[in-house]
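This is what each chain is made of:
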Amino acid sequence: MQNLKIALCQMNVVDDKEKNIEKAINMIKESKKEDADIAILPEMFNCPYENDKFVEYGECLEDSYTLKSIAKIAKEENIYVLIGSIPEKEIITNKNKLEKTENIYNTSFLVDNNGKILGYHRKMHLFDIDVKDKIYFKESDTLTQGNELTVIDTKSKIGKIGIAICYDIRFPEVSRLMALKGAKILIFPGAFNLVTGPAHWELLFRTRALDNQVFTIGVSPALDREANYNAYGHSLIVNPWGEIVVECGYDEELIVAEIDLDEIATVREELPLLKNRRIDLYSLKYKK
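Here the residue numbers are simple positions, counted from 1 along each chain's written sequence. Local features in a predicted model are, by the rule used here, given only for residues with pLDDT of at least 70; side-chain atom pairs are given and counted only at 80 or more, and totals for whole chains, interfaces and linings are based on all residues. In computing side-chain properties, one takes all heavy atoms of the structure into account and sets aside hydrogens as well as water.

Engineer: Help me out: how do you make sense of the side chain of Q10 in this one?
Structural biologist: Its place among the elements puts Q10 in strand β1 (residues 3–10). We define a polar contact as two N or O atoms separated by no more than 3.5 Å, with the added condition that, inside protein, one atom must be a possible hydrogen donor and the other a possible acceptor, whereas residues neighbouring each other in sequence contribute only through side-chain atom pairs. There is a polar contact of 3.1 Å between the side chain of Q10 and the backbone nitrogen of H234. A run of H or I in DSSP counts as a helix once it spans at least four residues, and a run of E counts as a strand once it spans at least two, with each numbered from the N terminus.

So this is what it looks like as structure tokens:
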């Protein structure tokens, strides 16, 4: 058996970076007390989900207070941490050093149990939505899209992890490519809302798990009805058979659940979807 304990840190995100980081640290400590191998934080865990806040809270990779804080606790507690995402600022200076361009990405980071950043994913598909009379939000007003598919080999019993963010899950090519690259766990920190969440959250995670016969994991902020953007919550783990292993509700909650990675091989033997693909007729190619 290849058992892993995974902590879903569904935290209530407030308009105070220090408090958000403190809450995350406390949840990581509690995760370790329950012997979790990896703790997963939500999308934009240190920042309210608002375009103006992405600008205000943005941090450059090389001097990020948020990343340093989480890396420190990961090392102290000897635990892997998937930093759901933060607004990552990148400043580009032209050759003549006369002009600077500032990009802000929605970026997730994987930190190992020694506090080392193993890799990161910049959200590829920006969440631009306009559902008449229900919700309007455009990440592209502020954010820049990433251009890399992300699969990270932890070189540990956790194995290969595919990382994407929220809206990325709606594009099945992303999950299939990560699975074909050997990822057995696909993690999507996300912040679906009260319109898209009830309609699509569980459906998408179950479908991507079924399509690729992997574990899918989604971690959301808790619902704050006083916030401008109301996250759906309902962080969850789905197994390769498409069954929900565990799921939070709307409120702040920490759940540690155990999964067995051997289930993947069993399901793929019983129902050999990936093996039965007609690659003589069709193919999917990653252009990078």
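Engineer: Help me out: how do you make sense of helix α3 (residues 65–77) in this one?
Structural biologist: Side chains of residues three or four places apart in an α-helix project in the same direction, reflecting 3.6 residues per turn. Here α3 is 13 residues long and its end C-alpha atoms lie 18 Å apart, about the 18 Å a rise of 1.5 Å per residue gives. Any two residues having at least one pair of non-hydrogen atoms within 4.5 Å are treated as being in contact. Next to the buried residues of α3 lie α1 (17–33), β3 (59–60), β4 (80–93), β5 (100–111) and β6 (117–122). Taken from the residues just after α3, N78 is the one with a positive phi, measuring 60°. Expected span of a helix, by definition, is 1.5 Å for each gap between consecutive residues, and there is one gap fewer than residues.

Engineer: Is there a simple way to explain the sheet that holds strand β11 (residues 185–189) in this structure?
Structural biologist: For sheets, the rule is that strands pair by backbone hydrogen bonds, running either parallel or antiparallel. If you walk across this open sheet you meet the six strands as β9-β10-β11-β12-β13-β14, and the pairing is mixed. The open sheet has two edge strands with one neighbour each: β9 (151–153) and β14 (244–247). Averaged over all pairs of adjacent strands, the angle between their axes in this sheet comes to 15°, without regard to strand direction. Pairing geometry for strand β12 (residues 215–219) and strand β13 (residues 236–238), over three bridges, is antiparallel. Paired with T216 across the strands is V238, a residue of β13. The angle between two axes is taken between their N-to-C directions and runs from 0 to 180 degrees, where each axis is a line fitted to C-alpha atoms and a helix contributes only its stretch in contact. Strands β9, β10 (160–163) and β11 of the sheet are contacted by helix α4 (residues 172–180), whose axis makes an angle of about 145° with β11. Running at roughly 155° to β12, helix α5 (residues 196–212) makes contact with β11, β12, β13 and β14 of the sheet. In this scheme, strands are said to pair when DSSP sees at least two bridges between them.

Function-wise, these values are silent; they only describe arrangement.
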